[in-house]
Amino acid sequence: VQLVESGGGLVQAGGSLRLSCAASGRIFRINAMGWYRQTPGKQRELVARMNSDYGITNYADSVKGRFTISRDDAKNMAYLQMNNLKPEDTAVYYCTADVTEARGLVPIDYWGQGTTVTVST
């Protein structure tokens, strides 16, 4: 399974970006997709996550009300709409997917290569 992120870039504080993540490969079912971010010297942190059962979402406190995760299950895509961006949102953003590759197999977590978001003052 491959995850490819896109949509990162440079934006001024207060601006918006939309990240996309495309999953491909041997996929029977995607159980959840999410976004994490990481800055140098810090641990990777959860930004937002959505599971497939009931579409339950959870967000980091720091992004609640500003970021929205969504999915298109027909296309195996996930999105992260980021509004009112702040300089502290600057990070490499990683897409993750919990994937069942075939019926009866244990789900596996996959990660993308990351896309860089830079928010200037």
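Everything below is about the structure printed above this text.
Residues numbered from 1 in each chain as written. Predicted model: local features only at pLDDT ≥ 70, side-chain atom pairs only at ≥ 80, totals over all residues. Heavy atoms only, no water.

Comments concerning the state of the cysteines
Part 1 of the argument: Applying the stated rule across the entire model yields one disulfide.
Part 2 of the argument: With its sulfur 2.0 Å from that of its partner, C21 forms a disulfide with C95. On the sign convention where negative means left-handed, the S-S torsion of about -80° between C21 and C95 marks this disulfide as left-handed. Of the two residues, C21 sits in strand β3 (residues 17–24) while C95 sits in strand β9 (residues 91–100), which places them 74 residues apart along the sequence. Taken as a pair, C21 and C95 share a single burial class, namely buried. (Disulfide = S-S within 2.5 Å. Helix = DSSP H or I, 4+ residues; strand = E, 2+ residues; numbered from the N terminus. Buried < 20%, exposed > 50% of the residue type's maximum accessible area, 1.4 Å probe, protein only.)

Digging into the sheet that holds strand β8 (residues 77–82)
Part 1 of the argument: An order of β1-β3-β8-β7 is seen for the four strands of this open sheet, with the pairing classed as antiparallel. The open sheet terminates on both sides in strands that have one partner only, identified here as β1 (2–6) and β7 (67–72). The average angle at which neighbouring strand axes cross in this sheet is 15°, direction not considered.
Part 2 of the argument: Here six bridges tie β7 to β8, and the two strands are oriented antiparallel to one another. When the bridges of β8 are listed, D72 appears paired with M77. (Pairing = 2+ DSSP bridges. Axes fitted to C-alpha atoms, helices over the stretch in contact; angles between N-to-C directions.)

All quantities given are derived from atomic positions and should not be read as evidence of function.
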